[in-house]
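Structural characterization, general
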Amino acid sequence: MPNTYKIFMLLWLLILTCGCRKTHEPLGSYRDQNPAEPKYRAVVLVQFKDKGASISQLAKPQEFLSEEAISRRRAQGISINNQDLPIDPQYIASCVKVTHGKVLHVSKWLNYLVLHLPEDSDTASLEELAFVQEVNKLGEFKNYRHPLFPEQNQENSELSDVNLDTLTFSRDNYKDTYNLFQRHNAGVFPEKKLFGKNKKIALIDLGFAFINDKPEIAHLIKDQKISGSYDFLMNSNNVNAGTSRGNYNLGIMAAINPGKYMGTAPAASYVLLIADAVGVQEPLFETAWVAALEYADSCGVDIVSSYSNFGAAFDNPIYQINSEHTDGRARCSQAADIAFEKGMLVIQSLNSGGGSSRKIVVPPADAKHILSVGNLRENGSAVWSSIDTHTADGRIKPELGSLVENVPVIYGWGGSWSNAHASAIIAGFTACLWEGLPHKTVQEIREILLKSSHNYEHPDTKLGYGITNFEKALLENL
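Residues numbered from 1 in each chain as written. Predicted model: local features only at pLDDT ≥ 70, side-chain atom pairs only at ≥ 80, totals over all residues. Heavy atoms only, no water.

Within an unreviewed UniProt entry, the label attached to the chain reads S8 family serine peptidase, and the organism entered is Rhinopithecimicrobium faecis. Listed under Sequence similarities (unreviewed entry) in UniProt, the entry text for the chain is "Belongs to the peptidase S8 family." (UniProt positions renumbered as here; feature names shortened; annotations may be inferred.)

As structure tokens, then:
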């Protein structure tokens, strides 16, 4: 391996290890703790009455927020408020002491602690603490492990060593993704040399196995464009685990392989996060997703791409939700709306209907300010499996149509028939739009996307406001 590549790899690993958080608070299971013994099974969420922190701390945000998070708020005129304050460490320490539990997740936005309890522990001792509002059960956590994959160091990075500014937008150069750009009238971005530069996208996915063995995204490592990563289920900086599924969506946005495949935002920076797993889902996965969102905030992320949903696929059916709960009340939905208030645009792939039991807008897609996307067929109509229903409080979902049929992916065989890629498509194009409109706030960008879509005047519950015309979105708002 060339020495220069070794240096790049070392720098990248250093960045991922250091992360971009200001405190340990948002991090996942067993941060700085020993793994749980088998007797640890039950999971509880401890809701606090307050944070035990003084409001006067708001005058010194640098003590509890990262500079990246502060900068994004400042750029959009967003005030720092009580949600940003950390929870009093003594609250957490007291809960651990009386239960001998281990910390899984902490949310300063929603003011709670998630604990893993040993068999001989009960919640009475928690409920007696003066600062505890209530304690709720969140099922079990068996402390299973994602499969880890060997590092595959990619030496051949010539594919992504391309000067984007000299690459013309054509079918020959863009090949597999050319029609995707054309569908959204997004060819204006490469023509104007807008590739997502200076924008940061968080990708919440299942895993990024063999990420170092992908020459099409080697530029992300070489140019230090992966600015953070974390596995919030396994408490690990190693996201080379679980599955390689996350690379599909990362490739949609970041891949560079002229003549075969070009991503929608190859010059953006990325934060890679795991908050879900293949074939299993417990209620605490939702708090892992919330923790991932708070971590993204600390990294200064502008856009979040996610397709995990919570409430219709939990292993234990007693935690499933029904249609009346799809009004934004879920914890992940509340967190998505708070993220919007902090200046981040969360783009969520809408769940597929499939069977009648799933004909609901599953959280976090039901959040009020999230952009839920999906349902779009190649011919421009909605897929047969679209959920075609409102949220419980009567709002239209999805907001935008995004391709879920024969989606061009660089890792895999042929196109992909899945709603899992819908958010990545729109997130990449939105990064380019926001690069071209750098002074717009998250509220303005969201409104521009809706107004620039073909069905804006007559939105429905199949494609929402429709297919976004990104050329219109850019040129009419310069």
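Text resumes after the structure shown.
1. Here we look at the sheet that holds strand S3 (residues 112–118)
Taken in spatial order, the four strands of this open sheet run S2-S3-S1-S4, and their pairing is antiparallel. Of all strands in the sheet, those with a lone pairing partner are strand S2 (102–107) and strand S4 (132–140), marking the two edges. The sheet shows a mean angle of 25 degrees between the axes of neighbouring strands, taken without regard to direction. Sheet topology note: the strand S1 (residues 40–48)/S3 ladder contains seven bridges and is antiparallel. In the strand pairing of S3, Leu45 is matched with Val114. (Pairing = 2+ DSSP bridges. Helix = DSSP H or I, 4+ residues; strand = E, 2+ residues; numbered from the N terminus. Axes fitted to C-alpha atoms, helices over the stretch in contact; angles between N-to-C directions.)

2. Focus: the environment of Ser385
In this fold, Ser385 is placed in the loop between strand S12 (371–376) and strand S13 (400–403). The exposure class of Ser385 is buried, given its relative accessible area of 11%. Separated by 34 residues in the primary sequence, Ser385 and Asn351 place their C-alpha atoms 9.6 Å from one another. (Buried < 20%, exposed > 50% of the residue type's maximum accessible area, 1.4 Å probe, protein only.)

3. Some thoughts on the packing of aromatic side chains
Under the defined criterion, the tally for this structure stands at 16 aromatic pairs. A centroid spacing of 5.1 Å and a plane angle of 80 degrees characterise the contact between Tyr174 and Phe181, whose relative ring orientation is edge-to-face. A single burial state applies to Tyr174 and to Phe181, both of which are buried. Aromatic pair Phe189 and Phe429: ring centres 6.5 Å apart, planes at 35 degrees, arrangement tilted. One end of the pair, Phe189, is in helix H7 (residues 188–191); the other, Phe429, is in helix H12 (residues 422–436), and 240 residues separate them in sequence. Accessibility assignment for this pair places Phe189 and Phe429 in one class, buried. Following the ring pairs from residue to residue traces out a cluster consisting of Phe169, Tyr174, Tyr178, Phe181, Phe189, Phe429 and Phe470. Positioned over the ring face of Trp434 is Lys199, at 4.4 Å from the centre of the ring. The side chain of Lys214 reaches across the aromatic face of Tyr411, ending 4.6 Å from its centre. (Phe/Tyr/Trp six-rings, centres within 6.5 Å; stacked < 30°, edge-to-face > 60°. Lys NZ or Arg CZ within 6 Å of the ring centre and 35° of its normal.)

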